[in-house]
Amino acid sequence: IRAGDGAKGFDSLESHGCIKSHQSREQALESMADRWWQLRSEGSGSDVGMLAFRRRDVKALNALARDRLRQEGVLPSGGEILKDGLEGDVPMVAGDEVMFRQPSRLLDVLNGTTGRVVAVTKERIDVRTDGGFVVAVDFEHYRDEKGRVPIQHAYAATGHKSQGETIDAALV
């Protein structure tokens, strides 16, 4: 590719299994989520990232990841619905991986801080950040300028949000 022959480089990457073609967007997203689960199950832990260009694809990948985690018994059924999330109503349960999308000095989080939900009610969510401290988020007070709660699932992210992140495997 660097030598200027993109087609040859693409063919080489595809022949080594680094690139997979799919007939539809849905098939590509499902394939990525399946590979994500396979890598996590093999011991890569949560250091496997699914990256997408569009936020709607990130939302779809997050939903596929949560479905798989529930099927495998990693996430419980039920939970609460985070009303007025960035992308509408967002289901949350203890164990969900989440990302803060707006900085808050009060909560001591930055835009992009990630963590795992340890408790959730209709009014608040408690998150143990990857830094190890627990943040109690009151939905009434943690809102963006449009009145939305700026928290999303963190199984997938846009390439922009993942910049600077260190992970073992990236699926794009």
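In the block above lies the structure referred to throughout.
What this report covers is the structure whose coordinates are included nearby. Because the structure is predicted, anything quoted here is derived from the model rather than measured. (Residues numbered from 1 in each chain as written. Predicted model: local features only at pLDDT ≥ 70, side-chain atom pairs only at ≥ 80, totals over all residues. Heavy atoms only, no water.)

## Overview of the sheet that holds strand E7 (residues 134-138)
Applicable threshold: Between any two strands, at least two bridges found by DSSP are needed for them to pair. The numbering of helices and of strands both runs from the N terminus, where a helix is a DSSP run of H or I of at least 4 residues and a strand a run of E of at least 2. Lines fitted to C-alpha atoms define the axes here, with helix axes fitted over just the stretch in contact, and angles between the N-to-C directions of these axes take values from 0 to 180 degrees.
On the basis of which strands lie adjacent, the open sheet formed by 5 strands has the order E7-E6-E5-E4-E8 and antiparallel pairing. Two strands lie at the open edges of the sheet, namely E7 and strand E8 (151-153), each paired on one side alone. Strand-to-strand twist of the sheet, defined as the mean angle between neighbouring strand axes without regard to direction, takes the value 40 degrees. Two elements, strand E5 (residues 114-120) and strand E6 (residues 124-129), share 5 bridges in a ladder whose sense is antiparallel. Bridging across to E6, alanine 119 finds its partner in aspartate 126.

## Some details on the pairing of E6
The side chains of a regular strand alternate between the sheet's two faces. What sits between the antiparallel neighbours E5 and E6 is a turn of 3 residues. Where E6 and E7 come together, 5 bridges link them in antiparallel fashion. Paired with valine 127 across the bridge in E7 is valine 135. Here E6 folds back onto E7 in antiparallel fashion, the turn holding 4 residues, of which glycine 132 has a positive phi close to 100 degrees.

## So, the environment of valine 134
Formally: Remark: exposure states derive from per-residue accessible area (1.4 Å probe, protein chains only) relative to the maximum for the residue type, with buried under 20%, exposed over 50%, and partly exposed in between. By definition, residues are in contact when any of their heavy atoms lie within 4.5 Å.
As for its position among the elements, valine 134 is in strand E7. Exposure remark for valine 134: the relative accessible area of 44% places this residue in the partly exposed category. Along the backbone, valine 134 and aspartate 144 are 10 residues apart, and their C-alpha atoms lie at a distance of 21 Å. With residues near it in sequence (within four places) discarded, valine 134 still touches Val118, Asp126, Val127 and Arg128.

## Some details on a negative patch on the surface
Let me state the cut-off plainly: Exposure above 30% relative accessible area and the lack of any salt bridge qualify a residue for a patch; like charges then connect within 9 Å, and the nonpolar side chains Val, Leu, Ile, Met, Phe, Trp and Tyr within 5 Å. Computed with the Shrake-Rupley method and a 1.4 Å probe, the accessible areas treat only the protein chains shown as cover for residues. Here, a salt bridge means any Lys or Arg side-chain nitrogen found within 4 Å of an Asp or Glu carboxyl oxygen. Only four residue types enter the tally: Lys and Arg on the positive side, Asp and Glu on the negative side; His and the chain ends are excluded. A charged residue contributes its charge at one atom only: NZ of Lys, CZ of Arg, CG of Asp or CD of Glu.
Taken together, the side chains of Asp47, Asp130, Glu165 and Asp168 present a region of like negative charge at the surface. Residue placement: aspartate 168 occurs in the loop between helix H4 (159-162) and strand E10 (169-171).

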